[in-house]
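Structural overview for review
Each chain, letter by letter, is given below.
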Amino acid sequence: KKLKQLDMFVLDNSLRETTVASVYAHTIASKRAIYNEIKKCGFQYYFVESFTSDTRIGELFLEELISQKEDLSGAFGFADLWEKVVDGIPQPEPLVGLEKCKKFGVNHVMLEFDLMYHKIDYNRFNMEKLCKFMEDMFKWIRANLSPESLILVNFRDFSSTLENEPARVWEVVRFLATLPPQERILGIAYEDLGKSVMDQMEVWTKAVRKEMDRCGWEAGQLLVHVHEQWGLGNATNLECLASGATGIWAGVCSEGAALGHVDSCTTLLNLIRLGNTAVQKRYNCKYLREAAINVTKITTGELPFKRTPIYGDRALDMVFGFIHSAMKDDPTTYDGFDIAKFLGVERTVRVTTMANGDMLCMKLHEVFGVDDQFNEEMGNAMKQQILVNATEGRREEYDSAAGLAILFDQAGGQLTPAMANAINESTENQPRIEALIAEVKVEWDKWDAADGSADDKIPFDNFYNGFMTPYFGCYRCEDTQQGLKALDMDDDGWIDWFEFKFYLVWAGRQ
């Protein structure tokens, strides 16, 4: 019920979290591309940089935004609560991160701190002193950035502290929750590195939320950030939201430190599938999947891993038609929340040994268009051919355009020009096969030019002389003529390159 009704606050971290993950360094151009994706998602608040004594690419990007008079009213910066520790005591100066926020006009801040940092003597610098230190920083921010600054504090070692020194968390939460209403900050942020189990995070979240509410701070935000480590990230994140967290600070895709983190795309679409309409009014949820794909590609140079939930290439595949249609007769139907329908995209049939005849027929139409051959009878024949191939020990792949066309041919279908075109334009071959096809193309071009016109078409006799002579005894023999006709898919008396390439691709796959 809570997840269904939650008007979730999203503080986007795509510009920063992906920096931690990126094997390739971000550039101003890549920062700009990610920034544009954030805007398209409708995220009002977003991190622009984590400010330290080093100059980072985000600062150069900020200079560009400022020169272009970009609206930074929703921009947040990361800053350490203290930058320096002397003899076990945090020092109020220097304020490197906060000074940079001031320099760039970034008025909203997430102050990060640790309650179990080995260099700090927490007996001398106890929670009372820490809270006074924190309060002074709030005053500095409001005096030097803006009286309307949105301030968050992040318990960076939240889980470790609650396991070992839980009283420290309680004291800081109580201090924040009992500030006079006019001095209260936006809220509390916390994170888990993926080592805590769901039940722990549930209890801890409930405890913090209960203390905030008990002290009259019901309006305080409680934002969670969960790293992935043991495959529990998304479940843990949703449990925290159901237990009192009001939002997340996360990137739109999962790219991040180590194994990544729980992203906003996955979280928001999970809420929507549970019936949440509030987030649909607040964010451009139909664009989230595309944004997650784009930001992943900007960050890594590659598309998301195919099996990534929601925005992986296989996330919208129809695999078990009879199950996904809830045992209905029509394999195109989908019972329950249909993410493809919500996003306005078509489901893709994935051809496996589990595909039935209807699904194979649908796949033919999906990939190659309309043809009278693409019917239920052909689909069933292809299904049977898959079994025959497996029985003969042939491990074939049928989901690609080339694999599907080959299966169609094996099942007795007459290959169509549309199929040949699809194969010709595909890039599904192994590099070695592509190299061999390139060698054949060199020889093809010689014979193509022999008739005075280099048009990627060769008459039967030239094709026979160039490619069939070593294997077929005579041009007019029946076997030769059948072979030429098999290659001539459009029955025009010529062999086109795209027709020939189809068989080269097929041969390369054997």
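Every residue gets a number counted from 1 within its own chain, in the order that chain's sequence is written. Local features in a predicted model are, by the rule used here, given only for residues with pLDDT of at least 70; side-chain atom pairs are given and counted only at 80 or more, and totals for whole chains, interfaces and linings are based on all residues. Working from all heavy atoms in the structure, the side-chain values ignore hydrogens and water.

Secondary structure summary: the protein contains 23 helices and 14 strands in total. Taken over C-alpha atoms, the radius of gyration comes to 31 Å for the protein, far larger than the 24 Å a tight globule of 510 residues would show. Along the first, second and third principal axes, the C-alpha atoms of the protein reach 100 × 50 × 40 Å. Partly exposed residues are those whose accessible area sits between 20% and 50% of the maximum for their type, while under 20% is buried and over 50% is exposed, using a 1.4 Å probe and protein chains only. Burial statistics for the protein: of 510 residues in total, 50% are counted as buried. Whether two residues touch is decided by their heavy atoms; if any such pair falls within 4.5 Å, the residues are in contact. Partitioning the contacts of the protein with sequence separation of at least 6, the portion at a separation of at least 24 is 70%. Put simply, the protein shows about 24100 Å² of open surface, and 51% of that area lies on carbon and sulfur atoms. The sign given to each residue is positive for Lys and Arg and negative for Asp and Glu; His and the chain ends receive no count. Charge coordinates come from a single atom per side chain, which is NZ of Lys, CZ of Arg, CG of Asp or CD of Glu. Side chains of the protein carry 54 positive and 78 negative charges; the gap between the two charge centres is 9 Å. Under the scheme used here, helices are H or I runs from DSSP no shorter than 4 residues and strands are E runs no shorter than 2 residues, and both carry numbers assigned from the N terminus. Computation of the radius of gyration draws on C-alpha atoms, with the globule rule given as 2.2 Å multiplied by the number of residues to the power 0.38. In short, Shrake-Rupley with a 1.4 Å probe defines the accessible areas, and a residue's cover is counted only from the protein chains shown.

Below, the discussion takes up the packing of helix 20 (residues 431–448) against helix 21 (residues 460–468). Every angle, taken between N-to-C directions, lies between 0 and 180 degrees, and every axis is a line fitted to C-alpha atoms, over only the stretch in contact when it is a helix. Between helix 20 and helix 21, whose axes approach to 10 Å, the crossing angle comes to 145°. At the point where helix 20 passes helix 21, the crossing takes the right-handed sense. Residues Val-440, Glu-443, Trp-444 and Trp-447 of helix 20 pack against Asn-462, Phe-463, Asn-465, Gly-466 and Phe-467 of helix 21. When residue character is reported, Ala, Val, Leu, Ile, Met, Phe, Trp, Tyr, Cys and Pro are called nonpolar, Asp, Glu, Lys and Arg charged, and the others, Gly included, polar. Tallied by class, the residues present in the contact of helix 20 with helix 21 amount to five nonpolar, three polar and one charged. Note on convention: near helix rotated counterclockwise from far helix by under a right angle means a left-handed crossing. Clockwise means right-handed.

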